[in-house]
Amino acid sequence: MRGHESSVSSISVHGSGKYAITTSTDTAQLWDLDTFQRIRKLNVRQSVGIQKVFFLPLSNTILSCFKDNSVFAWEFDTLHCKYQLSPPVEGSVLFYKVFAVTRDGRTLVAGGKSNHLHLWCLELKQLIRIIQMPEKVRAVRHLEFLPDSFDGGSNQVLGVLSQDNIMRFINIETCKLLFDIGSPEEGISTAVISPNGQYIASVMENGSLNIYSVQALTQEGNKPPPFTFKVVEDGPKYTSEANKLITKVTSGRSKGPWKSKQSKIQSRMLKLQENTSLENKENELPGGLNKKRLQALLKGFGEYPAKYRMFVWRSLLQLPENHLAFSSLIDRGIHSAFVNIQKEYPIKSGKLLRVLQRTLSALAHWSAIFAETPYIPLLAFPFVKLFQNNQLICFEVVATVVVNFCQHWFEYFPNPPVNVLGMMENVLAHHDKELLQHLTKYNVTSQVYAWPLLETLLSEVLTREEWLKAFDNIFSNHPSYFLMIVVAYVICSRAPLLHCNQAADFEYFFHHRNNVDINVVIKEAYHLMEATPLDIHPQHMLDDFTPLTKGQYPVFNKYPMFVMNYQAQKWEKIRQDEIEYLQERQLAHESEAKAQQQKAEDEAWYRKQKLLQEADEQRQKILLEEEKLAEQRQRLAVVKRELEVKELQLLDASRRRFLNYQQDQLQTELKHLNDEIARKASMRQQETNALRDIEPESQKQLFEQHLIKDQEAVTKEMKEEVEARRRKVDLEDQRVQRLIEIDKEIQKAHTVAEENLARAEQKHTDTDWRLQRQQRLRRDDQDREKRYREIVKLLHDNRVKEAELLKALRETEEKKTFNIIVAQQEDVQNKAQLEEEQKAAAAADGHRKQFLDDRMNDELELAEKLQREDGCFERLHGLKARCTERGVEVQQVPGSGNISLHDLSTLASSPHNRRRAELARQERELMAEVRRLRRRLTSRARARLPPAPSPATTWSP
């Protein structure tokens with residue numbers, strides 16, 4: 001569990017037993033106990049140490065307490081902060097050191113270097129009570145609630161271990177002192193309370209271990225029972241006395257029995273008696289167990305209790321638990337023989353595979369024979385599966401089994417142990433000759449019916465419960481019992497074996513589970529141990545049980561060294577050949593890689609040349625296309641000029657046609673008038689001729705005068721009509737010309753209005769930008785002022801601390817004075833640097849403002865120059881006056897500067913319109929440039945803003 005820079009101060013386990021939190025002063029880490037992998041880590045970004053991080057009972061909440069008295073609650077599933085406990089009230093501030101939580105997880109008690117205890121209600125997130133301990137208590141070292149079976153988890157009695165090594169038990173509701181344990185002479189170093197709350201175990205300063213009975217420490221448990229005769233004779237009096245007793249218990253402080261002179265604490269010294277016999281000494285096991293008693297228990301029940309089986313095994317095998325020696329073996333890493341063990345033994349559980357790999361590697365580092373033994377994984381796997389959570393015990397159990405129960409196995413390595421198999425065959429021949437003859441008949445040797453059971457330790461043919469029961473008996477007896485139980489298994493399987501007549505059937509039988517009662521096999525093994533003659537009994541050929549030595553493991557060299565040396569030489573030769581082969585293959589790979597690299601470089605060079613050629617061709621095509629485009633532009637310009645000429649010609653022809661049409665109309669009207677006059681003259685002539693003879697001469701003259709007057713009037717009228725028609729045509733021509741001029745002036749006015757509008761918009765934008773800049777500068781000033789205040793406050797605190805240090809340490813006065821002067825000089829330098837940066841920023845802002853003003857002034861001067869050249873405003877007044885005379889209305893839209901005309905039918909285009917469009921395009925480009933400059937300035941101003949603050953603590957993966 002790496003990741004802590006300092007020592008781990010506390011470990012808290014979740015109620016499910018699957019997770020744990022380890023706490024040190026620098027960090028807290030959440031672990032998965034199934035995989036022993038770290039899930040999350042509590043990152044503390046500030047320089048605040050961690051006091052303790054633990055799980056709350058009966059909830060998925062993690063409580064973290066820091067050295068600045070801040071307490072945070074985290075949700076276990078999401079690791080989000082649920083709440084934070086508010087700081088304690090003024091006048092009772094203490095630095096929390098120890099904590100205790102009730103079993104229901106609703107109440108938290110915190111203590112430290114004070115005689116005050118803070119009682120928090122975690123449901124209300126409030127400090128509900130402050131308990132003041134006696135004056136003798138100056139600091140609290142340990143807090144623990146006393147469990148009660150009838151309080152529903154809301155514990156009321158709290159044990160407080162103070163600096164005077166006395167543990168006082170108080171009621172947190174009534175704040176009454178119930179009892180205390182320990183004394184100044186016999187102080188308590190640490191104490192723990194049993195889960196049921198009946199006993200208190202304490203380690204004393206003198207090294208002794210005291211166990212207290214809570215029932216004896218309370219007043220009610222120490223009182224004698226009530227008088228029986230009083231209960232029978234006078235019930236009410238007894239009831240009143242009982243009530244008085246209950247009142248005393250709840251209100252008063254009880255006096256413990258340890259203060260009574262008659263009562264004494266019973267002490268037990270774990271020492272061997274002098275009159276113990278040698279036989280009992282041999283049967284004494286670690287942990288206070290006796291081998292004879294265990295064997296008697298085993299014969300009575302057939303197996304050890306499952307709850308205590310591992311403890312009994314460790315006692316029977318007398319494991320030394322050499323942590324340092326085992327760590328040195330583990331630190332050597334995974335042995336080369338077991339690097340790829342998962343290919344030969346694919347195990348579904350990754351954790352089990354890792355434990356098996358480490359255990360086998362430790363065995364191989366302990367003795368080289370185990371790296372070459374093919375059946376060592378089969379032998380060690382059952383114990384690895386049992387002790388996978390304690391690798392030290394697993395390794396020592398396997399090593400003990402190999403040293404004691406696998407004696408003489410490696411003398412004929414790499415062949416099976418024919419000497420051990422011969423012992424078993426002799427025992428089988430003595431007890432069941434018929435079965436041995438049957439096996440010999442079909443060439444089934446001991447390597448077929450005995451060796452598979454030995455090398456797998458019976459794990460292939462027995463279930464888990466049967467295997468555990470068998471090894472309960474194996475570990476409790478002489479190492480020869482293991483061989484006897486294998487022979488007993490073969491004898492108990494004689495019925496199916498006598499029906500087998502093929503070698504494959506025999507091999508299958510001894511590699512798979514069979515219908516054999518393990519209890520019968522165990523009894524048969526005990527019978528073989530007693531009934532086997534001494535000359536063939538394995539007990540006289542095998543040594544007695546010898547445990548592993550403490551401190552360092554014994555040397556294991558009971559195997560033919562020449563075989564191992566020969567194999568080592570073979571392996572070394574193979575390794576050298578493999579190294580040479582790998583070197584040659586590496587050279588071949590390097591040559592091939594160089595060839596591939598050269599080929600790739602050649603291909604890249606050819607590809608690059610091809611790309612350059614294609615790019616050259618593309619450029620040639622582009623140049624040709626540009627020439628074609630230039631020719632097309634020239635042709636287009638010629639066509640445009642031709643079209644303009646044709647347009648002018650068409651306009652001239654249209655005008656001439658219109659004038660010719662007007663002249664034709666006038667001539668036609670004149671002709672009609674002449675015809676009418678001639679017709680009327682002829683009619684009058686006819687009338688005159690008809691009346692010539694009747695009318696007198698005077699009437700004739702009068703009529704002629706009237707005719708002449710009528711003719712003159714008609715002629716005058718015709719002339720007036722022709723003149724009016726001519727004037728009308730001239731007026732219409734003038735109106736068209738004026739309309740064209742008005743359109744030009746209107747377009748010019750529109751241009752000027754758009755320029756004014758753009759100028760106003762730019763001024764508005766500049767004003768907004770200056771306002772935002774002023775606001776940000778104001779915020780920067782406020783931040784700087786805040787930082788200056790903090791600096792001043794820190795300087796003030798430093799001055800106070802320096803004054804205190806000057807009082808305490810007068811010898812360092814000169815050094816402190818020098819540091820103060822240096823700090824002041826640095827402060828002055830920092831302020832001067834800050835002022836220079838502000839001046840530089842102001843100068844840069846002035847340059848940018850001057851640049852924008854210059855650009856705007858240039859554009860304004862250009863617009864005024866164009867206006868002066870065109871004479872827009874002067875012609876506008878004359879045009880308005882002329883339009884007023886001719887009946888044309890000119891309206892100006894208020895507030896915008898735009899001029900709109902009504903009752904205009906048609907407008908003609910002119911070169912002035914094209915010039916106006918060019919000016920509008922230049923104006924749009926200028927406005928776009930101004931907008932880009934404004935966005936750039938805005939982005940630079942935003943980039944100077946300070947970043948947002950981040951939380952102080954987070955859980956990171």
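Since we're looking at a predicted model, the values are computed, not measured.

On to the packing of aromatic side chains, then. The tally for this structure, following the rule as stated, stands at 33 aromatic pairs. With a centroid separation of 6.3 Å and an interplanar angle of 35 degrees, the aromatic rings of Phe54 and Phe99 are classed as tilted. Residue Phe54 is located in strand 5 (residues 50-55), and its partner Phe99 is located in strand 9 (residues 96-101); the two are separated by 45 residues in the primary sequence. Comparing Phe54 with Phe99, the two get one shared label, buried. Aromatic pair Trp467 and Phe471: ring centres 4.4 Å apart, planes at 35 degrees, arrangement tilted. Of this pair, Trp467 and Phe471 both sit in helix 18 (residues 464-475), four residues apart, roughly one helical turn. When its relative accessible area of 5% is taken as the criterion, Trp467 is described as buried. For Phe471, a relative accessible area of 2% gives the class buried. Every member of this aromatic cluster is reached through a ring pair, and the members are Phe326, Trp366, Phe370, Tyr375, Phe395, Trp409, Phe410, Trp451, Tyr553 and Phe556. Directly above the ring of Phe54 sits Lys52, whose terminal nitrogen or CZ lies 5.3 Å from the centroid.

For the rest of this paragraph, the subject is the confidence of the model for the protein. Per-residue confidence for the protein averages 78 on the pLDDT scale, and 78% of its residues sit at or above 70. The low-confidence segment residues 872-877, where pLDDT is below 50, has 10 contacts with residues more than four positions distant or belonging to other chains. Every residue in residues 945-952 scores below 50 in pLDDT, and together they form eight contacts with partners more than four places removed in sequence or on other chains.

Further remarks concern the environment of Val48. Here Val48 is to be found in the loop between strand 4 (37-44) and strand 5. Here the alpha-carbon distance between Val48 and Lys67, two residues 19 residues apart in the chain, equals 6.3 Å. Excluding anything up to four places from it in sequence, Val48 contacts Phe66, Lys67 and Asp68.

Below, the discussion takes up the sheet that holds strand 17 (residues 188-193). The strand order across the open sheet built from three strands is 17-18-19, with neighbouring strands paired in antiparallel fashion. Looking at which strands have only one partner, the edges of the open sheet turn out to be strand 17 and strand 19 (209-213). Each strand axis lies, on average, 20 degrees off the axis of its neighbour in the sheet, ignoring direction. With five bridges joining them, strand 18 (residues 199-204) and strand 19 adopt antiparallel strand pairing.

Between its terminal C-alpha atoms helix 18 stretches 16 Å, which fits the 16 Å expected from 12 residues at 1.5 Å a residue. Across the 12 residues that make up helix 18, a large majority, nine, are buried. Those residues of helix 18 lying buried are Trp467, Leu468, Lys469, Ala470, Phe471, Asp472, Asn473, Ile474 and Phe475. Those residues of helix 18 that are buried are in contact with helix 6 (291-301), helix 7 (309-317), helix 12 (376-386), helix 13 (391-405), helix 19 (480-492) and helix 22 (518-531).

Take unusual backbone geometry next. Phi at Asn69 takes a positive value of approximately 70 degrees, unusual for a residue other than glycine. Residue placement: Asn69 occurs in the loop between strand 6 (61-66) and strand 7 (71-75). A relative accessible area of 11% places Asn69 in the buried class. Even without glycine at this site, Asn165 takes up a positive phi of about 65 degrees. For Asn165, a relative accessible area of 11% puts it in the buried group.

Here we come to the nonpolar core. Judged by nonpolar contacts, the single largest core of 106 residues is most densely connected at Phe383 and Ile485. Excluding residues within four positions of it along the chain, Ile485 makes contact with Leu458, Ala470, Ile474, Val521, Ile522 and Ala525.

Among the six residues in strand 10 (residues 107-112), six count as buried, and that is most of the element. Neither face of strand 10 is exposed, since Thr107, Val109 and Gly111 on one face and Leu108, Ala110 and Gly112 on the opposite face are all buried. In the sheet, strand 9 pairs with strand 10 via five bridges, with the strands oriented antiparallel. Considered in strand 10, the bridge of Val101 is made with Leu108. In sequence, strand 9 turns back onto strand 10 through a hairpin of five residues, with Gly105 there showing a positive phi of about 70 degrees. Count of turn residues in the strand 10/strand 11 (residues 116-121) antiparallel hairpin: three residues.

Further remarks concern the pattern of salt bridges. A complete count under the given rule lists 13 salt bridges for this structure. Here Arg168 and Asp164 are joined by a salt bridge, their closest N and O atoms 2.9 Å apart. Of the two residues examined, Arg168 and Asp164, each falls in the buried class. The residue Arg635 makes a salt bridge to Glu631 at a minimum N-O spacing of 4.0 Å. Pair noted here: Arg635 and Glu631 are both in helix 23 (residues 561-691), with a separation of four residues, about one helical turn. Residue Arg635 is classed as partly exposed on the basis of its relative accessible area, which comes to 48%. Overlapping salt bridges bring together Glu303, Arg309 and Asp472 as one network.

Each value, and the rule that gives it
- Counting restarts for each chain: residues are numbered from 1 in the order of the written sequence.
- This being a predicted model, a pLDDT of at least 70 is required before a residue's local features are given, and a value of 80 or more before pairs of side-chain atoms are given or counted; all residues contribute to the totals for chains, interfaces and linings.
- Values reported for side chains reflect all heavy atoms of the structure, with hydrogen atoms and water molecules removed beforehand.
- What counts as a ring pair is set by centres within 6.5 Å for rings of Phe, Tyr and Trp (its six-membered ring), and what kind of pair is set by the plane angle: stacked under 30 degrees, edge-to-face over 60, tilted for all other angles.
- Numbering of helices and strands runs from the N terminus, with a helix taken as a DSSP run of H or I at least four residues long and a strand as a DSSP run of E at least two residues long.
- With a 1.4 Å probe rolled over the protein chains alone, any residue whose accessible area is under 20% of its type maximum counts as buried; one over 50% counts as exposed, and the rest are partly exposed.
- The rule is short: NZ of Lys or CZ of Arg within 6 Å of the ring centre and within 35 degrees of the ring normal puts a charge over the ring.
- Think of pLDDT as the predictor's per-residue confidence, scored from 0 to 100.
- Between two residues, a contact is recorded if the distance between any of their heavy atoms is within 4.5 Å.
- Pairing between strands requires that DSSP locate at least two bridges from one strand to the other.
- Each axis is a line fitted through C-alpha atoms, and for a helix only the stretch in contact is used; angles between axes span 0 to 180 degrees, taken between their N-to-C directions.
- How far a helix is expected to stretch is found by multiplying one less than its residue total by 1.5 Å.
- Buried residues of nine kinds, namely Ala, Val, Leu, Ile, Met, Phe, Trp, Tyr and Cys, make up a nonpolar core once their side-chain atoms join them within 4.5 Å.
- Here a salt bridge means any side-chain nitrogen of Lys or Arg lying within 4 Å of a carboxyl oxygen belonging to Asp or Glu.

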